[in-house]
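Survey of secondary and tertiary structure
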Amino acid sequence: MMVFKQLHATHLSNPSEQVKIMRISTLITMYSLISFLSVCFPTAEVYIDPWLSLVEGLAFCSFFLLLCDYVCPNIDQREVFFATKKTSGVKWFRIRWFMVFQMPIVALIVSIATDVTAAVGIYCRWSFMPEFAKFWLRLIQIISLVTAVLSILQFYHFLKTDLTQRRPLLKLIAFKIIVFLNFVQGILFWVLTDIGALKETATLTFADLHIGIPNLLVCIEMVPLSLFFLWVYSWRVYVNKNSHGSCITMDRPGQRSRLYQGGPLGVHAWLTMIKPSGIIESILVVPGRSGPLTESHGEDDGVDNQPLNPSR
């Protein structure tokens, strides 16, 4: 996935879209890394695994912003776009925005609460009984996830005609299938344990069966999923001879078109990708602001929405 990101970074003809794609792909990288660390340090798994939900929440936000770019690349015209689509279209858009951007906030709170309750001994990693913190934290997490997924699906259904050529459903599946496989795998191991098919032996400990093997499988699964992700979010559509490469400057006729805007070795693209200000601003500003939604702030990093300039 690092090579995939580098290809986008060095062929950055549309920063607004490609930086978001780089952020979305971080989910696969983090799943692989945290699963690997869980195999190496099984006693720490309960503390590091919950933070995957935060990465997933940030990926959801980036995906939602990517869909917004697909339907209306010009931020200044976005409010007008939704107002013309349906009655109370702007309000509808704000609600969907809130439904998506609540996810990383909830995930952050749940992750911190998980670490704290696990440290004081009231989390109980292997129990779903309501007297333990895990039951309630997982319930909150599921509600938050379902809310965000429903918002994305409603957004897709409402703007299906506008999004058809960009294959949004495949793009959503490309990173949601990771979470789905992990969920199914968890159920499978729970069933196998319940029926007695998984038992400790002289060579397999409890940690091996319930932490080591499941996380090792996740690491293996990330290989084909990475290839699928590379195909769905291909960097090739952004090379200068293809259609998506110049749209970033079409809305800003006063700016000169540049072939690739990622800087030397894509360093400016990488710096923009890891800069959290865009997501944080979107979370903090949009739900409570009284002004127009479509100003340059409250959407994403300013660098994302215009050609990258090394001198900035």
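Below, the structure is looked at part by part. (Residues numbered from 1 in each chain as written. Predicted model: local features only at pLDDT ≥ 70, side-chain atom pairs only at ≥ 80, totals over all residues. Heavy atoms only, no water.)

Right, let's talk about the packing of helix H4 (residues 51-71) against helix H7 (residues 133-158) for a bit. Following both chains from N to C, one finds H4 and H7 inclined at 15°, their axes separated by 11 Å at the closest point. Taken together, H4 and H7 sit at an angle that is classed as roughly parallel. The way H4 lies across H7 gives a crossing that is left-handed. Facing Ser53, Glu56, Phe60, Phe63, Phe64, Leu67, Cys68 and Val71 of H4, the residues of H7 in contact are Gln141, Leu145, Ala148, Val149, Ile152 and Phe155. (Axes fitted to C-alpha atoms, helices over the stretch in contact; angles between N-to-C directions. Helix = DSSP H or I, 4+ residues; strand = E, 2+ residues; numbered from the N terminus. Parallel < 35°, antiparallel > 145°, perpendicular 65-115°, else oblique. Left-handed = near helix turned anticlockwise from the far one by under 90°. Contact = heavy atoms within 4.5 Å.)

Located in the positive-phi region is cysteine 124, a residue other than glycine, with phi close to 60°. Inspection of the secondary structure assignment puts cysteine 124 in the loop between helix H6 (89-120) and H7. Classification of cysteine 124 as partly exposed rests on a relative accessible area of 29%. Not every positive phi belongs to a glycine, and leucine 265 is a case in point at roughly 55°. Inspection of the secondary structure assignment puts leucine 265 in the loop between helix H11 (247-250) and helix H12 (267-274). (Buried < 20%, exposed > 50% of the residue type's maximum accessible area, 1.4 Å probe, protein only.)

A few words now on the pattern of salt bridges. Counted by the stated rule, this structure contains seven salt bridges. Of the charged contacts, one joins glutamate 45 and arginine 125 as a salt bridge, the two residues approaching to 3.0 Å between their closest N and O atoms. Placement of glutamate 45 in helix H3 (residues 45-48) and of arginine 125 in the loop between H6 and H7 is noted, with a sequence separation of 80 residues between them. The partner of aspartate 69 in a salt bridge is arginine 78, and the shortest N-O contact between them spans 3.1 Å. Connected through salt bridges with shared partners, the residues Lys20, Asp69 and Arg78 form a single ionic network. (Salt bridge = Lys/Arg side-chain N within 4 Å of Asp/Glu carboxyl O.)

The subject of this paragraph is a nonpolar patch on the surface. A cluster of nonpolar side chains, Phe180, Phe183, Val184, Ile187, Trp190, Val191 and Ile195, forms an exposed patch at the surface whose accessible area comes to about 720 Å². Within the secondary structure, tryptophan 190 is located in helix H9 (residues 168-194). (Patch = residues over 30% accessible without salt bridge, like charges linked within 9 Å, V, L, I, M, F, W, Y side chains within 5 Å. Areas by Shrake-Rupley, 256 points an atom, 1.4 Å probe, with all protein chains shown as cover.)

Another point: the environment of leucine 52. Within the secondary structure layout, leucine 52 lies in helix H4. Taking the relative accessible area as the measure of exposure, leucine 52 reaches 5% and is therefore buried. Leucine 52 sits 59 residues away from serine 111 along the chain, and the two C-alpha atoms are 8.8 Å apart. Those residues in contact with leucine 52 that lie beyond four places of it in its chain are Leu27, Met30, Tyr31 and Ile34.

Counted under the stated rule, the structure contains zero disulfides. Unpaired in terms of disulfides, cysteine 72 finds its nearest cysteine sulfur in cysteine 68, a separation of 8.9 Å. With a relative accessible area of 8%, cysteine 72 lands in the buried category. (Disulfide = S-S within 2.5 Å.)

In this section: the nonpolar core. Counting 48 residues, the largest nonpolar core has Phe64, Phe155, Phe175 and Tyr233 as its most contacted members. Listing elements by their share of this core, those giving two or more residues are helix H2 (15-40), H4, helix H5 (78-85), H6, H7, H9 and helix H10 (206-232). It is H4 that provides the largest number of residues to this core, a total of 13 residues. Other than its neighbours up to four places away in sequence, phenylalanine 64 contacts Phe93, Arg96, Trp97, Val100, Phe101, Ile152 and Phe155. By size, the runner-up hydrophobic cluster in this structure holds seven residues, among which are Ala9, Leu12, Val19 and Met273. (Core = buried A, V, L, I, M, F, W, Y, C linked by side-chain atoms within 4.5 Å.)

Moving on, we come to the side chain of lysine 5. Checked against the element boundaries, lysine 5 lands in helix H1 (residues 2-10). Its relative accessible area of 3% is what places lysine 5 among the buried residues. Engagement of the side chain of lysine 5 in a polar contact is seen with the side chain of threonine 26, the distance being 3.0 Å. Those residues within four positions of lysine 5 in sequence are excluded, and the remaining contacts are Met22, Ser25, Thr26, Thr29, Trp270 and Met273. (Polar contact = N/O pair within 3.5 Å; in protein donor to acceptor, adjacent residues only side chain to side chain.)

The first and last C-alpha atoms of H4 sit 31 Å apart over 21 residues, in line with the 30 Å expected at 1.5 Å per residue. H4 sits mainly inside the fold: 19 of its 21 residues count as buried. (Expected span 1.5 Å × (residues − 1).)

Approximately 1,600 Å³ is the volume attributed to the largest pocket. What lines the largest pocket is a set of 44 residues, and nearest its centre among them are Phe128, Arg138, Asn182, Phe183 and Gly186. Elements with a contribution of two residues or more to the lining of the largest pocket: H2, H3, H4, H6, H7, H9 and H10. The element best represented in the lining of the largest pocket is H9, accounting for 14 residues. Among the residues making up the lining of the largest pocket, the classes are represented as 24 nonpolar, 12 polar and eight charged. Around the second largest pocket, the lining comprises 21 residues; the ones closest to its centre are Leu54, Val55, Leu58, Pro276 and Ile279. Listing elements by their share of the lining of the second largest pocket, those giving two or more residues are H2, H4, H6, H12 and helix H13 (277-285). The biggest single contributor to the lining of the second largest pocket is H4, with six residues. For the lining of the second largest pocket, the residue count by class is 17 nonpolar, two polar and two charged. (1 Å grid on protein atoms, 1.4 Å probe; cavity = no way out; pocket = protein on both sides within 12 Å on 5 of 7 lines; lining within 4 Å. Points joined across faces, edges and corners; volume = space filled by probe spheres on them. Nonpolar A, V, L, I, M, F, W, Y, C, P; charged D, E, K, R; others polar.)

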